[in-house]
Structure formats: structure tokens, C-alpha cells
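A closer look at the structure
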Amino acid sequence: GDSVTQMEGPVTLSEEAFLTINCTYTATGYPSLFWYVQYPGEGLQLLLKATKADDKGSNKGFEATYRKETTSFHLEKGSVQVSDSAVYFCALSDRGSQGNLIFGKGTKLSVKP
Amino acid sequence: NAGVTQTPKFQVLKTGQSMTLQCAQDMNHNSMYWYRQDPGMGLRLIYYSASEGTTDKGEVPNGYNVSRLNKREFSLRLESAAPSQTSVYFCASSEFPGGITEAFFGQGTRLTVV
């Protein structure tokens, strides 16, 4: 079945450091890929998405490129801020999941001043 | 603009008790979902309703039932709570199933079963 694997956390960075959170997937078809973010005490919210190979999703300084050849969708940000501290979830949706979102286990990011 | 509203926010149950988690969305979305979030497990789909009048099992449906009361409301019922159901429960909605359109999440219900 479909699945998403993302790097285990927690990840602790200093402010202005470069961020990469790795995400790889297994899917039966051609999935859409997503990054969701969960701030403390809140529900998840969509950060960015890409719906086909080579698409780049971007939002709030975060980027991720849909790489079909490596089945990856790594999240990057050039300079993190304290306000980026949150849990980040990689997810996919495709025919194999009846269109439902399949989530990775989440990566907790803490950014220190 | 409330989005997705879940009630209650916190609940403690004794083993064997029953309860219903309520969820309502005001975005006129067709699809609604219930997930549970456990440490180290990410979010797992319990049940979903692709459209009004339909419900289907997700990855972890055992011990739960759902009702799509109308287009706005989707409730999750625990008939006989067990400690293994201690979790944070999230309701979500989207205009269409899955990732075609963005999913919006409620703030969660933290349930403890003792």
C-alpha cells in the first residue's frame, strides 16, 4: 500500500540555519504530495503541495520539489525563524489511497534564538 | 469564519464508557474525515465520508462508529472506550476527496481513557 517515510526528529536548529526535512514515498499511481504543519496546540494546516513530477511547491520561504525518479519530496528553507518551530508532516494522496491523505509520522522542529 | 469546529477539546473517560465527538464545518465541503494522532505514529485515518450520505472505513476503524448527519456535521462515536483509544482526534474536511483540494483541520480533541 501507499506509504510516506520522513526523517525522524526532533530537529533542533539555530535561528537563520538551513533546514532540510527528508520525505520519500511509495505509491501505486502518480500521487499528489503535500507538506502540512502543526503549530503547538493547533490542528494541521497545509504548507505547500505539488501535484506532478518536477513541480515545486513553495510558501512562507519553504520549498519542496516533486522528484519522481527518487520518489522524494524534501522540505527546505534557507533561513529558519523561531516562529517556524512546529511539527511538519509529509503526506500523499493518490488512487491507491482512494484519494485520502496518507501521512508520514511527523518531524518536530525546534528553532533556538 | 470558523472553518472546522470540534467539541469537546478535552475529555477523560473511564474504560467502558461511551462518548461522541462532534465535528462541524462551515465551508460547504463535500468530504470529511476523522484521524487519530499518536506519538511516533503520525496521523491515521479512522473513517471518512467522501460525500453526504456515505461513510467508509479508514486504516484504524475498530472500536469506532461514525455518522454523517448532514453536509456540515460528521460525528465519531466510541461505544465502549478502551485505554488504547487514548489519543488526539482530529476532524478534517475538504471540498473533494483527499489531495485534490486542501484539507482543513479542526483543533483536535484530546481524549484520555483511564
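Residues numbered from 1 in each chain as written. Chains lettered and ligands numbered in written order. Predicted model: local features only at pLDDT ≥ 70, side-chain atom pairs only at ≥ 80, totals over all residues. Heavy atoms only, no water.

A word on the overall build of chain A
When helices and strands are counted, chain A shows zero helices and 12 strands. When the helices and strands of chain A are listed from N to C terminus, the series reads β-β-β-β-β-β-β-β-β-β-β-β. Against the 2.2 N^0.38 benchmark of 13 Å for 113 residues, chain A shows a C-alpha radius of gyration of 13 Å, consistent with a compact globule. Oriented by its inertia axes, the alpha-carbon framework of chain A measures out at about 45 × 30 × 20 Å. (Helix = DSSP H or I, 4+ residues; strand = E, 2+ residues; numbered from the N terminus. Rg over C-alpha atoms; globule rule 2.2 N^0.38 Å.)

Topic: the side chain of Asp84(A)
All names here are of chain A. Checked against the element boundaries, Asp84 lands in the loop between β9 (75–77) and β10 (86–93). Residue class for Asp84 comes out buried when judged on its relative accessible area of 6%. Polar contacts involving the side chain of Asp84 include one to the side chain of Lys77, which spans 2.7 Å. In this view, Asp84 contacts Phe62, Lys77 and Leu109; residues no more than four positions away in its chain are not counted. (Buried < 20%, exposed > 50% of the residue type's maximum accessible area, 1.4 Å probe, protein only. Polar contact = N/O pair within 3.5 Å; in protein donor to acceptor, adjacent residues only side chain to side chain. Contact = heavy atoms within 4.5 Å.)

Re the pattern of salt bridges
Residues and elements named next belong to chain B. Applying the stated criterion to the full structure yields six salt bridges over all chains. Two residues, Arg44 and Asp38, come together in a salt bridge whose shortest N-O distance is 2.8 Å. What makes Asp38 buried here is its relative accessible area of 10%. Of the charged contacts, one joins Arg77 and Glu79 as a salt bridge, the two residues approaching to 3.2 Å between their closest N and O atoms. (Salt bridge = Lys/Arg side-chain N within 4 Å of Asp/Glu carboxyl O.)

Here's the deal with the pairing of strand β5 (residues 32–38) of chain A
All names here are of chain A. Of all seven residues making up β5, seven are buried, and the element is well covered by its neighbours. Neither face of β5 is left uncovered, since the one carrying Ser32, Phe34, Tyr36 and Gln38 and the one carrying Leu33, Trp35 and Val37 both have all their residues buried. Here β5 pairs with β10 via seven bridges, running antiparallel. Across the sheet, the residue bridging to Trp35 is Cys90, located in β10. (Pairing = 2+ DSSP bridges.)

Details of the nonpolar core
Residues and elements named next belong to chain A. Judged by nonpolar contacts, the single largest core of 26 residues is most densely connected at Trp35, Leu47, Leu48, Phe73, Leu75 and Tyr88. Elements with a minimum of two residues in this core: β2 (11–14), β3 (19–21), β4 (23–26), β5, β6 (44–50), β8 (62–65), β10 and β12 (107–112). Per-element accounting of this core gives the leading share, four residues, to β10. Once residues lying within four places of it in the same chain are set aside, the contact partners of Phe73 are Cys23, Leu33, Phe34, Trp35, Leu48, Lys49, Ala50, Ala64, Thr65, Tyr66 and Cys90. (Core = buried A, V, L, I, M, F, W, Y, C linked by side-chain atoms within 4.5 Å.)

Describing the state of the cysteines
A covalent bond between the sulfur atoms of two cysteines is referred to as a disulfide. All names here are of chain A. Enumeration over the complete set of coordinates arrives at two disulfides over all chains. Through a disulfide, Cys23 is tied to Cys90; the S-S separation comes to 1.9 Å. One quick way to see it: the torsion about the S-S bond of Cys23 and Cys90 is about -70°, and its sign makes the bridge left-handed. With Cys23 in strand β4 and Cys90 in strand β10, the pair connects residues that are 67 residues apart, well separated along the chain. A relative accessible area of 1% places Cys23 in the buried class. (Disulfide = S-S within 2.5 Å.)

A few points about the sheet that holds β3(A)
The strands making up a sheet are joined through hydrogen bonds of the backbone, oriented either antiparallel or parallel. All names here are of chain A. Spatial ordering of the open sheet is given by β3-β9-β8-β7, a layout of four strands whose pairing is antiparallel. Looking at the sheet topology across the chains shown, the edges are occupied by β3 and β7 (56–59). For this sheet, the mean angle separating the axes of adjacent strands, direction not counted, is 15°. Here β8 runs beside β9; their pairing, made up of three bridges, is antiparallel. Opposite Glu63, over in β9, you have Glu76 as the bridge partner. (Axes fitted to C-alpha atoms, helices over the stretch in contact; angles between N-to-C directions.)

A closer look at the sheet that holds strand β3 (residues 19–25) of chain B
Residue and element names in this part refer to chain B. Taken in spatial order, the four strands of this open sheet run β1-β3-β8-β7, and their pairing is antiparallel. The sheet is open, and its two edges are formed by β1 (4–7) and β7 (64–68), each paired on a single side. Averaged over neighbouring strand pairs, the angle between their axes works out to 15° when direction is ignored. Here β3 pairs with strand β8 (residues 74–78) via three bridges, running antiparallel. Residue pairing in the sheet places Met19 in a bridge with Leu78 of β8.

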